[in-house]
Amino acid sequence: MFEKVEAFHRPTSIREAIRLLEGGTGRAEVVAGGTDLVVAANSTTRILIDITRAGLSYIRKAGGTCTIGATTTMAELEASSVIRGLAGGILARAAATCGSVQIRNVATLGGNLANGSSAADVAPVLLALDATVVSADPNGRRQLPVAEYRKLVRSLLIEVLIPNPPGGKRCGWSFQKLGRTALDISLVNVAAGLKVDASQRVTWARIALGAVAPKAIRMATVEEHMKGRMLSAVSIAEAAEGVMRAVRPITDIRASADYRREMSGVLVRRALGECAAQAGVAL
Amino acid sequence: MKMMDLRVTVNGRPRAWSIAPGELLLDVLRREGFFGVKRGCEQGECGACTVLVNGRAVNSCLMFAAQVEGCDVLTIEGLADNGKLHPIQEAFLDHGAAQCGFCTPGMILSAKALLDRNPHPTEAEVREAMAGNLCRCTGYLKPVEAVLAAAARVAEEVGP
Amino acid sequence: MRERHVVGHNVRKVDGVALVTGGPVFTDDVRIPGMLYGKILPSPHAHAIVKHIHTAKARALAGVHAVLTYRDVPRVPHTTAGQAWPEPSPYDTYLLDSKMRFVGDRVAAVAAESRAIAEEALRLIDVEYDVLPAVIDMEQAMAPGAPVIHDEPDSTKIHDRSRNIAGYILREIGNVEEGFREADYIVEREYRTHRQQHTPLEPHITICWLDPNGRLVIRSSTQVPYHCRRQVAMILQMPVSRVHVIKPRIGGGFGGKQEMLLEDICGALTLASRRPVKMEYTREEEFYMARSRHPQILRMKMGVKRDGAVVASQLTVLATTGAYGSHANTVQGNTGSKVLPLYRAPHMRFECHVVYTNMPVAGAFRGYGCPQGFFAQESLVDEIAEQLGMDPVEFHLQNAIRLGDTDKLSAQLGEGREGLPRLVRSCGLPQCVEKAAAAIGWAEKRRVHNGPRPHLKRGVGMACTMQGSGIAGVDWASAFLKMNEDGSFFLQVGASDVGGGADTVLSQIAAEALGVTLDKIVIASGDTDTTPFDVGAYASSTTIISGGAVKKAAEKVLAQVLAVAAQLLETPVEKLGWGNNEVFTLCECRKAVNMTEIAMHAMYKEKFQIMDGASHFNTDSPPPFCATFAEVEVDTETGQVRVLHLATAVDPGVAVNPMQAEGQVEGAVTQGLGYALTEELLLDGAGRPLNPNFLDYKIFSAMDMPKLTTILVETDEPLGPFGAKSISEVPINGPAPAIANAIYNAVGVRIRKLPIRPEDVLHALGAQAEACATI
């Protein structure tokens, strides 16, 4: 499958990795876990750059920001006490659904983002948490909101930054996923977070979905509509309706567009219900 | 095409192999005689190619051989100790957990990775650890029972 | 009855150590110097003529040793179905042809020094196709003006090629019209079943080479080494004696390897290149270039009296065999012959058209026509029982075939030819029903539907099914035993252990019959040079037919052993007992000689080899019986169906190895669960596969499994060795109808199409809600 590959590099620094990528002029591919790259088997690849030893595996919490290196694996995210303690653990939960143990042991956060699958499980969570992506090329580093990140040929995804999410006991978080079997690519997934005040009015809301549009999307309009209003079964049902109107799912061999649309409503209802329960709101 | 050197420890013994840069770990291992590592799908879905790299279960069909430079790789051939079967292997035999046997090496290695980290798993944890090892013969029941029995046996041997 | 020391015991598999240590025992686990890699160029079109094919560039590529097209090989019509000769399937297949009949059909084949070079060589083959209109939908295959798929004059045994009818079956006992007139209630429904693929963990793989004497050696992952040998010899125009087939350990077959699939083309490449050649399917190729289960549309009609007695049952089936007719008549024949006679109806009628379509080829798959038929029948009787106000359990117990009954429909439907009537000499079905019902909690759960949350509903459903044990008058086997100095015996059988443990079971039978411990039996199987004939592993025949041969051979050898012992003990044979590796006098003084002494005496004093062989077949096919009970939880918001518990009670006759027998049940029901809920091979309107991978063809993993309860209800079958029948197929038949019936019990909707997907359930619930709203 990769018989035409001429060289395999294992850079030990980001700088070296970027230099190799630049020198590869379009025939080079970055590889970490390989779970997407090997399956895609691009026959034009001539140079492979393994970045798993370039110092990009870390999870740090400093001040108000959590920083995750690009080659941090899904298994590491799942097991990290920092990530489990962040936003009700929804990033850890999403990482835990990214395939089998064998896949999660090598699949990386950066690789998942770079692959840009519409159904990626961590993407809606990062959207909901206002994450930004830092990438680097020979001209320097650039930081973009995750919604604007696109994989570019000569740039290397370095790390993902997650600002401190709202906290306290009036906060609730949820990650929901629908698949055909226990281990599956998502038919629909939802990441949600809510914060309410003492009178159960929503002060902060995030609802993001995957697999219902070309990329993961945030339901900004629905979020706006929820803010300032009492959190209740009715407001949750309205939010779900709003989501169903906003999503743009497709029909493929896994599910029909109609089913995805209807399930986006079901999962949003369940996600917001779980958030409400955590935030101490009785519906 | 230029070959490259690979230095890796496999089943406790250091190896120095000459590989092509784009060779996959599965292909190199089978080429070097480790036939217990199976080719089932080449897409990381079935787990028949599972090996342990630094104690972690991975699909060798998705890993470039060059990526295990300097690592510790365990294949099924390295599990028995001089002919003495590992408790997981004994349990698989006692519980009828191997039928055609094609998925068996991968299952046993996934189980070993689990028990090394979590010596007292619940049934749900065993099933999750083995969810990446597809089997068409057993329905998974006897393999899961075998792993739980092996866990109990290992716990006994190690002592409180 | 003599106490049994080996049969009936949970012994470890005799090949188990090799499997748990990853020993090099599978087809691919050899390194042969000079071995080439063979590959097939698959047709991109569902129906096309090869107008021009240019191979010069491919032949010129460095490292290519052979390129074959239809011009380079003999044209010998045959079937790929692994069946006893004369095979009851159309002879409509060719090693290589100039007409392509499905996406994946063989355009050409190459052998090269590496996989990469072989793939490059395929890209260099220039083909110009005349693309023809294709038949994709089986309901269009017989329509006037439909493209004719098999218009070649040299194919034979096709029922009506002008209308794409590969096979047609019509059988009736009694008179169903009369029966329906007598009935108080009649229910008629249509059911649809789909393409399921075997997905053995080991895809098809074959390695061929010429031995030093120029014989063609075939090392292959096959269930049918002897049929392979015969068919390859015919296709490559060699004497059978010049072909040697070796079956190593197999990584699963389930019927997909009851087929001569790669052996002929691999052999042809070997002959052309004079080098060893390996051919293996990738997982993708395995999905659509191997075999799959016949999709069917079944129209079932049953008439019953008010008291519940079935008077007439009629099943009309439209099935497609895909592009070639492998197993076309026989799988569908089973849909009638093994399914309808479960009920003691005096009037039965089965009619079936099996049509060609330009789709992947269907073939043998565990259950062999029964999963389809029982889905229809067991779903239908659930409706009937409800209409009558009867508990389905009562309905089954009242109507099911019983000990002593004769199944007359089987007399009409043999393996594509006149069969033999079937007498039920052992039947544990009533106990199976009772025990499985108790295990699932039938009485308590039948009326309680609320799950732990408001949107979750629970229900229970059941199905009864049966199968056969070997094909009556057709399946046969032989076995040979010879004794060694240490009192052990080499057992040589043609039988194919495909993973289910046949080698172990046959060793147990031999050990029991000889009165020795299991370690005294060393088995070699599935080698056409060194083991005697066996039809192979299919039709649930190995334990009963191959085991029957083993028992006969062992008894003959035992007679020789006793004769020597009689000499040594100076006692007549009638006064001798045997067991536990020795022979002893049946008197108070109890003198004994052990097997080693007997062997040494025979070999070095008397100077003869204690050895003998035997062949065996049955003229009947004793049915194993199965009761399957399912508990499901339906999520009424997502349509997802979660099976909470599947209880399966099987009557396999005597279980030679109960632990292995349970393993067979657990594996079969897991495939049944996938058949019911998640597995489907999807193709587009041009006949191209859409999900030829595990990402989108979903089989159950360890995390998807319900609680499984397996109950063996043993009976004693006179036609089986030590009372054994079979177990490996029948449990696959129950899950789909039991689950469909459980869904109805939970939420009141009937799904009559497989697989039962969440969208289908949601759709049905929506339609139900609308229907209720309009009342």
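Residues numbered from 1 in each chain as written. Chains lettered and ligands numbered in written order. Predicted model: local features only at pLDDT ≥ 70, side-chain atom pairs only at ≥ 80, totals over all residues. Heavy atoms only, no water.

## Describing the interface of chain B and chain A
Next up, step 1: Facing 29 residues of chain B, the contacting portion of chain A comprises 28 residues.
Next up, step 2: In total, about 2,100 Å² of surface goes out of reach between chain B and chain A, with carbon and sulfur atoms giving 59% of it.
Next up, step 3: Contact with chain A buries area across many residues of chain B, yet B:Leu62, B:Phe64 and B:Gln67 alone supply 27% of it, more than any other trio.
Next up, step 4: The tally of links from chain B across to chain A stands at 2 salt bridges.
Next up, step 5: Among the salt bridges present, the one from B:Glu128 reaches A:Arg104, with a minimum N-O distance of 2.9 Å.
Next up, step 6: Counting the contacts that link chain B with chain A gives 10 residue pairs in polar contact (both at pLDDT 80 or more).
Next up, step 7: Breaking the side of chain B that touches chain A down by element, the ones donating at least two residues are strand S4 (56-59) and helix H4 (123-129) of chain B.
Next up, step 8: With 4 residues, the top contributor of residues to the side of chain B that touches chain A is S4(B).
Next up, step 9: Here the side of chain B that touches chain A is built from residues that sort into 15 nonpolar, 10 polar and 4 charged. (Contact = heavy atoms within 4.5 Å. Buried area = accessible area lost by both parts, 1.4 Å probe. Salt bridge = Lys/Arg side-chain N within 4 Å of Asp/Glu carboxyl O. Polar contact = N/O pair within 3.5 Å; in protein donor to acceptor, adjacent residues only side chain to side chain. Helix = DSSP H or I, 4+ residues; strand = E, 2+ residues; numbered from the N terminus. Nonpolar A, V, L, I, M, F, W, Y, C, P; charged D, E, K, R; others polar.)

## A short note on helix H12 (residues 429-440) of chain C
Residues and elements named next belong to chain C.
Next up, step 1: Look at H12: 16 Å from first C-alpha to last across 12 residues, which is about the 16 Å you get at 1.5 Å a residue.
Next up, step 2: By the burial criterion, the buried members of H12 are Leu 429, Cys 432, Val 433, Ala 436, Ala 437 and Ile 440. Taken end-on, H12 shows its buried residues confined to a sector of 120 degrees, consistent with a single buried face. For H12, the exposed residues set more than 90 degrees away from the buried face come down to Glu 434 and Ala 438.
Next up, step 3: At the exit of H12 stands Gly 441, carrying a positive phi of roughly 80 degrees. (Expected span 1.5 Å × (residues − 1). Buried < 20%, exposed > 50% of the residue type's maximum accessible area, 1.4 Å probe, protein only. Arc of directions from axis to C-beta.)

## Quick notes on the packing of aromatic side chains
Next up, step 1: Inspection of the entire model under this criterion finds 13 aromatic pairs over all chains.
Next up, step 2: Relative to C:Phe694, the ring of C:Phe287 has its centre 5.9 Å away and its plane inclined at 75 degrees; by these criteria the two rings are edge-to-face. Taken together, the positions of C:Phe287 in helix H7 (residues 283-289) and C:Phe694 in the loop between helix H17 (658-677) and strand S28 (707-712) put the pair 407 residues apart, joining distant regions of the chain. Summarising the burial analysis for this pair, C:Phe287 and C:Phe694 share the class buried.
Next up, step 3: Ring plane angle 55 degrees and centroid distance 5.0 Å describe the contact between C:Phe287 and C:Tyr697, whose orientation is recorded as tilted. On the criterion of sequence distance, the pair formed by C:Phe287 in helix H7 and C:Tyr697 in the loop between H17 and S28 is long-range, its members being 410 residues apart. In terms of burial, C:Phe287 and C:Tyr697 fall into one category: buried.
Next up, step 4: Through a chain of ring-to-ring contacts, three or more aromatic side chains come together here, namely A:Phe2, A:Phe8 and B:Phe64.
Next up, step 5: The ring of C:Phe365 carries C:Arg293 above its face, with NZ or CZ at 4.0 Å from the centroid.
Next up, step 6: For C:Arg750, the ring lying beneath its charged end belongs to C:Tyr744, and the centroid distance is 3.7 Å. (Phe/Tyr/Trp six-rings, centres within 6.5 Å; stacked < 30°, edge-to-face > 60°. Lys NZ or Arg CZ within 6 Å of the ring centre and 35° of its normal.)

## Quick word on unusual backbone geometry
Next up, step 1: Omega for the bond connecting C:Trp85 with C:Pro86 falls within 30 degrees of zero, at -5 degrees, which places this linkage in the cis form.
Next up, step 2: If you trace the backbone, C:Pro86 turns up in the loop between strand S3 (64-68) and strand S4 (99-100).
Next up, step 3: Along the chain, C:Leu754 connects to C:Pro755 via a cis peptide bond; the corresponding omega equals -5 degrees.
Next up, step 4: Following the sequence through the fold, C:Pro755 ends up in the loop between helix H18 (735-747) and helix H19 (758-773).
Next up, step 5: Phi is positive for B:Glu42, close to 60 degrees, though the residue is something other than glycine.
Next up, step 6: Locating B:Glu42 in the fold gives a position in the loop between helix H1 (25-31) and strand S3 (50-53).
Next up, step 7: For C:Arg274, which is not glycine, the phi dihedral falls at a positive 60 degrees.
Next up, step 8: The exposed category is assigned to C:Arg274, whose relative accessible area is 59%.

## Regarding the pattern of salt bridges
In a structure, side chains of opposite charge can pair up when their charged atoms sit close to one another.
Next up, step 1: This structure, assessed with the given rule, holds 82 salt bridges over all chains.
Next up, step 2: C:Asp15 serves as the salt-bridge partner of C:Lys13, at 3.9 Å between the closest nitrogen and oxygen. For the pair C:Lys13 and C:Asp15, one class covers both residues: buried.
Next up, step 3: Ionic pairing is found between C:Asp529 and C:Arg215, a salt bridge with its closest N-O pair at 2.8 Å. Taken together, the positions of C:Asp529 in the loop between strand S21 (521-525) and helix H15 (542-569) and C:Arg215 in the loop between strand S9 (205-210) and strand S10 (216-220) put the pair 314 residues apart, joining distant regions of the chain.
Next up, step 4: According to the relative accessible area criterion, C:Asp529 is partly exposed, its value standing at 36%.
Next up, step 5: What makes C:Arg215 buried here is its relative accessible area of 16%.
Next up, step 6: Ionic contacts of the salt-bridge type, sharing partners, join the residues B:Arg30, B:Lys38, C:Asp28, C:Asp29, C:Lys278 and C:Glu280 into one network.

## Thoughts on the packing of helix H3 (residues 104-117) of chain B against helix H5 (residues 141-158) of chain B
Helix-helix packing: each pair is described by the crossing angle between the helix axes and the interaxial distance.
Residue and element names in this part refer to chain B.
Next up, step 1: Packing of H3 against H5 brings their axes to within 11 Å, and their N-to-C directions diverge by 35 degrees. Once H3 is placed against H5, the crossing between them reads as right-handed. Residues Met 107, Ala 111 and Leu 115 of H3 touch H5, and the partners they reach there are Pro 143, Val 147, Ala 150 and Ala 151.
Next up, step 2: Taken together, the residues that form the contact of H3 with H5 break down as 7 nonpolar, no polar and no charged. (Axes fitted to C-alpha atoms, helices over the stretch in contact; angles between N-to-C directions. Left-handed = near helix turned anticlockwise from the far one by under 90°.)

## With respect to the interface of chain C and chain B
Size of an interface: often given as the accessible area lost when the parts come together.
Next up, step 1: Contacts between the two partners involve 54 residues from chain C, matched on the other side by 47 residues from chain B.
Next up, step 2: Interface of chain C and chain B: buried area, both sides summed, is about 3,900 Å²; carbon and sulfur atoms make up 59% of it.
Next up, step 3: Summed over the three residues of chain C that lose the most area to chain B, namely C:Arg12, C:Val20 and C:Leu201, the buried surface amounts to 19% of that side.
Next up, step 4: Applying the counting criterion to the chain C and chain B interface returns 9 salt bridges.
Next up, step 5: For the salt bridge of C:Asp28 with B:Arg30, the shortest nitrogen-to-oxygen distance reads 3.0 Å.
Next up, step 6: Those elements giving two or more residues to the side of chain C that touches chain B turn out to be helix H1 (16-20) and H17 of chain C.

## Focus on the environment of A:Val134
Residue and element names in this part refer to chain A.
Next up, step 1: Within the element layout of this structure, Val 134 appears in strand S6 (residues 132-137).
Next up, step 2: Using a relative accessible area of 6% as the deciding quantity, one classes Val 134 as buried.
Next up, step 3: For the pair Val 134 and Tyr 259, spaced 125 residues apart in sequence, the C-alpha separation works out to 36 Å.
Next up, step 4: For Val 134, the contacting residues outside a window of four places in its chain are Arg 141, Arg 142, Gln 143, Leu 156, Leu 157, Ile 158, Glu 159 and Leu 161.

## So, the domain arrangement of chain A
Residue and element names in this part refer to chain A.
Next up, step 1: According to the domain assignment, chain A contains domain 1 (7-50), domain 2 (59-163) and domain 3 (171-278).
Next up, step 2: Its C-alpha centre places domain 2 at a distance of 21 Å from the equivalent point of domain 3.
Next up, step 3: Domain 2 puts 22 residues into the contact, and the matching count from domain 3 is 23 residues.
Next up, step 4: Across the interface of domain 2 and domain 3, roughly 1,800 Å² is buried in total on both sides, 61% from carbon and sulfur atoms.
Next up, step 5: Together, Ser 118, Pro 124 and Leu 127 form the three largest contributors to the area buried by domain 2 at its contact with domain 3, with a combined 27%.
Next up, step 6: Joining domain 2 to domain 3, the criterion identifies 3 salt bridges. (Domains from an automatic or database assignment.)

## As for the side chain of C:His645
Next up, step 1: Mapped onto the elements, C:His645 comes out in strand S27 (residues 641-651).
Next up, step 2: Those residues in contact with C:His645, other than ones at most four positions away along the chain, are C:Ala439, C:Ile440, C:Phe629, C:Ala630, C:Glu631, C:Pro706, C:Lys707 and C:Thr709.

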